[in-house]
Amino acid sequence: MSINPYGWIGESLGTIHRVNWYRSVQEITGRPGAVVRIDGQEFINFASNDYLGLAGDNRLILAAIEATQRYGTGATGSRLITGHRPIHRELERAIAALKQTEDAIVFSSGYLANLGAVSALVGKRDLILADQYNHASLKNGAVLSGATVLEYEHGNVEGLKFLLDSHRNAYRRCLILTDTVFSMDGDLCPLPEVLELAETYGCMLLVDEAHGTGVLGETGAGAVEYFGCTGRELIQMGTLSKALGSLGGYVAGTAELIDFLRNRAGTWIYTTGLSPADTAAGLGAIAIVNQEPQIRAKLWQNVKYLKQLLAESVPSVASRLLPSESPILCLQVPDAQTVLAVGEGLKAAGILVGAVRPPTVPTSRIRVTVMATHEKAHCERLVEGLKSLLKF
């Protein structure tokens, strides 16, 4: 009897549909920004990670065009073979200067940066202690490493200390992993306390600054700067694809660490280098972060205005916001069916938000991301939409 070895796929898709986990893409035309166009209709965009509104900035576009004209459309190979260009090293130096570290290394995506760094730093004889809400790239990098992985309750420093007391001495090396800004909640990790434990117990600490770079800190360097931990020995990973409006990932740290990763991080060694266009755009974005702090200030003004508006206009909705110290505001919703209905209702009103549900997160939520380029009227439209759809 013939058995279809692929038959299970359709059955699995059916299950995904039944539990409201099904996902599909929507085609956005034109440039990114606070207002985007889908199928000829304009939508206020509260679903983007382009916090500073740089992905559509003419200066980055022109920098990408110039780099493409000079270096071509692709790096053509691994950075160790034919893919390395002067602009790659220029970007790495700019990242190191922003993060105030000795050096940095650029990967072709943030996901590759985490996979490569984590799997290079630890192996089968080692221990990883990780926040349970870490990004999937950190989780998958931990699995890829072959190390023993133990998770501590989200943001729980005492839980981390308990694991260190119980397990640290049984392993050669220990690597602590945590996001600094948790992308599906908007809260920050207790970095000073985590770093103190890492130093006390002789552990490496890798922090994922994907949603902190360009946003937090006096100069936009990220949560490490925000918490006053600059200059202390830890490993900073981040992306160019959020506030910096481009594509790519990086790791910043000591010169010795970066030299090691060039030799041991498989996702850097065995993949094509970042395209010249993305490299130039990232470099241009860092220059803007350095030179125009008013953009970051406008972002935080918008965050403050939206929070105040929610508290004054719909306090019952505001009370359901998860704690946040970032431009990510997450509103708790009872279940997946409700969150999908609210997301569709807002879309019908011309507003895009993230309708996030399991298995991405433990509980369903509306995820709102604020941009520096949002106007007050955009925030007011969002609040009115939430007010009409949510009856708490």
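Please refer to the structure placed before this passage.
Report follows, based on the coordinates. All values reported here derive from a predicted model rather than from experimental measurement.

Here we look at the sheet that holds strand β14 (residues 365–369)
Across a sheet, paired strands are connected by hydrogen bonds in the backbone, their directions being either parallel or antiparallel. What the three strands build is an open sheet, ordered β11-β14-β13; its pairing is antiparallel. Each edge of the sheet is formed by a strand with only one pairing partner; in this case those strands are β11 (328–332) and β13 (354–356). Direction aside, the axes of adjacent strands within the sheet are offset by 25° on average. Across five bridges, β11 lies against β14 in antiparallel orientation. Following the sheet pairing, L331 is matched in β14 by I366. Against the sheet, helix α14 (residues 336–348) contacts β13 and β14, and its axis sits at roughly 40° relative to β14.

Thoughts on the pairing of strand β10 (residues 249–253)
Burial analysis of β10 places five of its five residues in the buried class, which makes it a mostly covered element. Here β10 shows two buried faces, one formed by G249, V251 and G253 and the other by Y250 and A252. Where strand β4 (residues 103–107) meets β10, five bridges bridge the pair, whose relative direction is antiparallel. In the sheet register, A104 faces β10, and the bridge partner there is A252. Looking at chain direction, strand β9 (residues 235–239) and β10 are connected through four bridges and run antiparallel. The residue bridging Q236 from the neighbouring strand is A252, located in β10.

As for the sheet that holds β9
Strand order in the open sheet formed by seven strands is β4-β10-β9-β8-β7-β5-β6, with mixed pairing between adjacent strands. Both outer strands of the open sheet, β4 and β6 (148–152), are each paired with one neighbouring strand and no more. The sheet shows a mean angle of 20° between the axes of neighbouring strands, direction not considered. Note: strand β8 (residues 204–208) against β9, three bridges, orientation parallel. Residue pairing in the sheet places V207 in a bridge with Q236 of β9.

Conventions we followed
Residues numbered from 1 in each chain as written. Predicted model: local features only at pLDDT ≥ 70, side-chain atom pairs only at ≥ 80, totals over all residues. Heavy atoms only, no water. Pairing = 2+ DSSP bridges. Helix = DSSP H or I, 4+ residues; strand = E, 2+ residues; numbered from the N terminus. Axes fitted to C-alpha atoms, helices over the stretch in contact; angles between N-to-C directions. Contact = heavy atoms within 4.5 Å. Buried < 20%, exposed > 50% of the residue type's maximum accessible area, 1.4 Å probe, protein only.

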